[in-house]
Amino acid sequence: MQRSPTQEESQRDQLHGRQVAAMFGRIARWYDFLNHTLSLGLDIYWRWRLARVALPKPGGVVLDLAAGTLDVSLALLRQYPNIRVAAVDYTLPMLARGKLKLTGGLEERILPAQGDGRLLPLPDESMDAATIAFGIRNIRPRMAAHKEVLRCLKPGGRFCILEFGTGRRKVWGGLYNFYLDKVLPGVGRLFSGDRAAYRYLAETIREFPDERQLSRELMDAGYARVFHVAMLSGIVYLHVAEKMGPEQPKRERQERDAAPLGEPPLRCFTPLDPGLAPHAEPGDEEESGR
Ligand SMILES: C[S@@+](CC[C@H](N)C(=O)[O-])C[C@H]1O[C@@H](n2cnc3c(N)ncnc32)[C@H](O)[C@@H]1O
């Protein structure tokens, strides 16, 4: 059973939220350029993968939480041209940068709005799917966002999370960890003049729970099924949490049919699966396989 946060914890989380918003406000101008540069362009592929698993119904509405400069919203629209996207973010300057990309009718399909993932300005069961890319790490407490998204999703809707794996695990013989500790803050400072922001990025990646902990957290929040896929040796993970709904078996067939050749199948487990036990969880093979 989850305990309620103390007053002190709530105040700390509120302060953290304001600091995060101020920080993204400062780097908004540089955000896209540094994103693409620091990931060598891979972030474009990762967002494409995120959009691909969202599977909203035709004409549906998707919540893009922590939408930032709207790259996920745009990736969603490229794959599902007739949906609409509610692009919610805490930081206005990020959304303002993103809004510059909304031309040629896109402004009628993507609706940016300032809002907090812990208290979404959306009605119950109004969204066909939800996405968040590199945002959940910034929200405290995460559980509040998991539950808010669940509330807003229609039955069977998916919450698709793109996030770095925990930086505590050594990847590529420690090369990635060196990159996080040294290269990221250095390059970040060079361009944006804000070393602290990019140090914060590295710190939050290190502190972030590993994929199994996050899966458990999502199940605790009330999602019916959760699965994850490791990308780039586990530097980045795609997590999908599904709200209980009537169409799950059909969805699994759709995913299998949609997966390009050679791509490992997506895995899933339910609260009844042994996969939730501390050892031998689904996802292990995926990680070691890549
Ligand atoms: C690393 S950026 C990710 C932006 C975008 N999703 C992308 O893929 O580039 C993280 C974003 O999370 C937003 N954010 C942080 N806390 C938030 C909250 N409580 N509610 C909504 N957005 C939040 C920040 O304003 C920032 O734009």
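Note that the structure is a prediction, hence the values are computed from the model and not measured.

1. Things to note about the confidence of the model for the chain
Piece 1. With 82% of its residues at a pLDDT of 70 or more, the chain has an overall mean of 82.
Piece 2. Here residues 260-290 is modelled with pLDDT under 50, and outside its nearest four sequence neighbours on either side it reaches 35 contacts, counting other chains as well.

2. Observations concerning the nonpolar core
Piece 1. Within the largest apolar cluster, 74 residues are counted, with the highest numbers of intra-cluster contacts made by Val62, Leu63, Leu76, Ala130 and Val149.
Piece 2. The residues touching Ala130, leaving out its near neighbours within four places in the chain, are Val62, Leu63, Leu65, Val149, Cys152, Leu153, Gly157 and Phe159.

3. Some remarks on the sheet that holds strand E7 (residues 236-242)
Piece 1. Taken in spatial order, the 7 strands make up an open sheet running E3-E2-E1-E4-E5-E7-E6, and their pairing is mixed. Only two strands of the sheet have a single neighbouring strand rather than two, namely strand E3 (110-114) and strand E6 (225-231). Sheet twist, expressed as the mean angle between neighbouring strand axes with direction ignored, is 15 degrees.
Piece 2. Where strand E5 (residues 153-164) lies against E7, 7 bridges are found, and the strand directions are antiparallel. Bridge pairing in E7 links Cys160 to Val240.
Piece 3. Across the sheet, helix H4 (residues 92-99) lies against strand E2 (84-89) and E3, angled at about 160 degrees from E3, the strand it touches most.

4. Describing helix H1 (residues 7-38)
Piece 1. Taking 1.5 Å per residue, 32 residues should reach 46 Å; H1 reaches only 38 Å between its end C-alpha atoms and comes up short.
Piece 2. Along H1, the largest kink reaches about 70 degrees and is centred on Ala28.
Piece 3. Along H1, the residues classified as buried are Val20, Phe24, Ile27, Ala28, Tyr31 and Leu34.

5. Focus: the site of the ligand
Piece 1. In the vicinity of the ligand, 23 residues are found, and the nearest of them are Ala66, Gly68, Thr91, Gly117 and Ala133.
Piece 2. Secondary structure elements with two or more residues in the shell around the ligand: H1 and helix H3 (71-79).
Piece 3. For the shell around the ligand, the element with the highest residue contribution is H1, accounting for 5 residues.
Piece 4. Within the shell around the ligand, the residues separate by chemical class into 11 nonpolar, 8 polar and 4 charged.

6. Let's talk about the environment of Pro112
Piece 1. Within the fold, Pro112 resides in strand E3.
Piece 2. Along the sequence, Pro112 and Lys99 sit 13 residues apart, while their C-alpha atoms lie 7.5 Å from each other.
Piece 3. The residues contacting Pro112, other than those within four sequence positions of it, are Ala67, Leu70, Ala87, Leu95, Gly98 and Lys99.

7. Brief notes about unusual backbone geometry
Piece 1. With omega at -5 degrees, the peptide bond leading from Arg140 into Pro141 counts as cis.
Piece 2. By the secondary structure assignment, Pro141 is in the loop between strand E4 (127-133) and helix H5 (142-152).
Piece 3. With a phi angle near 70 degrees, Leu70 is a residue other than glycine that sits in the positive phi range.
Piece 4. What makes Leu70 buried here is the crowd of 26 C-beta atoms within 10 Å.
Piece 5. Even without being glycine, Leu232 reaches a positive phi, approximately 50 degrees.
Piece 6. Mapped onto the secondary structure, Leu232 falls in the loop between E6 and E7.
Piece 7. Judged by C-beta crowding, with 17 C-beta atoms within 10 Å, Leu232 ranks as partly exposed.

8. Considering the packing of helix H2 (residues 42-54) against H3
Piece 1. Running from N to C, H2 and H3 point in directions that differ by 55 degrees, and their axes come no closer than 9 Å. Considering their axes alone, H2 and H3 lie oblique with respect to each other. Where H2 crosses over H3, the two elements pack in a sense that is right-handed. Every residue of H3 that contacts H2 at Arg47, Trp48, Leu50, Ala51, Arg52 and Ala54 is listed here: Asp71, Val72, Ala75, Leu76 and Gln79.
Piece 2. In terms of residue class, the contact of H2 with H3 is built from 7 nonpolar, 1 polar and 3 charged.

Analysis parameters
Residues numbered from 1 in each chain as written. Predicted model: local features only at pLDDT ≥ 70, side-chain atom pairs only at ≥ 80, totals over all residues. pLDDT = per-residue confidence, 0-100. Contact = placed C-beta atoms within 7 Å. Core = buried A, V, L, I, M, F, W, Y, C linked by C-beta atoms within 7 Å. Buried ≥ 20, exposed ≤ 12 C-beta atoms within 10 Å, placed from the backbone. Pairing = 2+ DSSP bridges. Helix = DSSP H or I, 4+ residues; strand = E, 2+ residues; numbered from the N terminus. Axes fitted to C-alpha atoms, helices over the stretch in contact; angles between N-to-C directions. Expected span 1.5 Å × (residues − 1). Bend = angle between axes of the 7 residues up to and from the residue. Near = placed C-beta within 6 Å. Nonpolar A, V, L, I, M, F, W, Y, C, P; charged D, E, K, R; others polar. Parallel < 35°, antiparallel > 145°, perpendicular 65-115°, else oblique. Left-handed = near helix turned anticlockwise from the far one by under 90°.

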